[in-house]
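Structural description and commentary
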Amino acid sequence: MYMSVIAVESGAETYPELAGARVVVTGLSIILGVDLARGFADRKARLVIQTAERSPEMVELTALLASSASEIALIDVPFSATETPTHFAQHAAKNLGGIDTMINLVSVTQTELNAVDTLDEIEDLIVAKLGPAREVTEVAANRMALTWSEGTILNAVVAPAPQTARDAAILGMLRQALAAMTADLARRWSGDVVRVNAVGPKATTLDTMSGACLTSEPDIAALALYLASRKGRTLTGHVFDAEGVARRGC
C-alpha cells in the first residue's frame, strides 16, 4: 500500500481539488517540511504555517511559497506557555475560516536520542514530542466537526534510522505511543468524517520484510497530498513507516 500511495504523478495539475484548500502546517523548518509546503502551495492552497525558526532561509522560503500559494500566513514563534498549540490552532482556523487539512511535523534528532537513558527520561521525551501534536490535532478536529468539514490530519514524526538496539528500543516506544494516539483520535472523530493518520519512525533494524517505507521528504509530501485529496478519504487510523528521513541537522 505504501508504494501505491506515494507513487503519484508529478506536477501541479495533480489533485486540482486542493486549490483553495485551507491547510495548516506546524513544525516547519528548513530541514523538514519544505517539499510538503511547496506541494500544497503549488496547488494554490491557502496556508497557515507555524515554525520555530527565524532565519534568512525561512524568509526566502516564505517568499517562494507566497509566489504560488493562494494565500499564506507565517507564525514564526515556537509553541510555549504564551503561544500554546490550542491558541495557534484557534488562530489558524479563524484566519482561514476553517481547516481542511492539518499536518504536524515532529523531528527527533540523534542528539535527543543520545540524551535519554532512564524510562522516565524516555517517557518525558515522548510526551514532549507528541503532546503538542495531540493538542493541536484535537482542536483542529473539533473545529472540523463543528463546521461539518470533511478534513484530514497527519502527524508526521521523523527520526534518524536507529544505529543501535538502544535507539531502536526508544523509537519503538515512541512509535507505539504514536500508534495508540492515532488509533484513539481516529476512532473518536470517525463519526464526524475527520480522518487522522500518522507517519512514524521504523524502529527496528532487523525487520527487512515489513515492506516499503517513506525514506525522504518528497515521500512524506506525496503522502500528505494523497491523504488530503479525494483519493485519500477512505484512510484513517494508519501509521505509515518512515526511516532515515531526519538525516540532516541531527
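Data block above holds the structure.
Let me sum up the structure you'll find in this document.

Each value, and the rule that gives it
- Residues numbered from 1 in each chain as written.
- Predicted model: local features only at pLDDT ≥ 70, side-chain atom pairs only at ≥ 80, totals over all residues.
- Heavy atoms only, no water.
- 1 Å grid on protein atoms, 1.4 Å probe; cavity = no way out; pocket = protein on both sides within 12 Å on 5 of 7 lines; lining within 4 Å.
- Points joined across faces, edges and corners; volume = space filled by probe spheres on them.
- Helix = DSSP H or I, 4+ residues; strand = E, 2+ residues; numbered from the N terminus.
- Nonpolar A, V, L, I, M, F, W, Y, C, P; charged D, E, K, R; others polar.
- Salt bridge = Lys/Arg side-chain N within 4 Å of Asp/Glu carboxyl O.
- Buried < 20%, exposed > 50% of the residue type's maximum accessible area, 1.4 Å probe, protein only.
- Expected span 1.5 Å × (residues − 1).

Quick look at empty space enclosed by the protein now. Going through the model one piece at a time under the given rule, you end up with 1 cavity of 30 Å³ or more. Of the pockets and cavities examined, the largest cavity occupies roughly 40 Å³. In terms of lining residues, the largest cavity is bounded by L32, G33, D35, L36, L105, E217, I220 and A221. Contributions of two or more residues to the lining of the largest cavity are made by α2 (34–42) and α8 (217–228). Looking at the lining of the largest cavity residue by residue, the class counts come to 5 nonpolar, 1 polar and 2 charged.

Now for the pattern of salt bridges. Counted by the stated rule, this structure contains 15 salt bridges. Two residues, D76 and R54, come together in a salt bridge whose shortest N-O distance is 3.4 Å. Note that D76 is positioned in the loop between β3 (71–75) and α4 (85–96) and R54 in the loop between β2 (46–51) and α3 (56–66), a separation of 22 residues in sequence. With a relative accessible area of 29%, D76 lands in the partly exposed category. Of the charged contacts, one joins E138 and R134 as a salt bridge, the two residues approaching to 3.2 Å between their closest N and O atoms. Here E138 and its partner R134 are both found in helix α6 (residues 119–146), 4 residues apart, which amounts to about one turn of the helix. Residue class for R134 comes out partly exposed when judged on its relative accessible area of 25%. One continuous salt-bridge network, built from bridges that share partners, spans R134, E138, D184, R187 and R188.

Next up on the list: α8. The terminal C-alpha atoms of α8, which comprises 12 residues, lie 17 Å apart, in line with the 16 Å expected from a rise of 1.5 Å per residue. Here α8 lies mainly inside the structure; 11 of its 12 residues are buried. When we look at burial in α8, the residues that qualify are E217, D219, I220, A221, A222, L223, A224, L225, Y226, L227 and A228.

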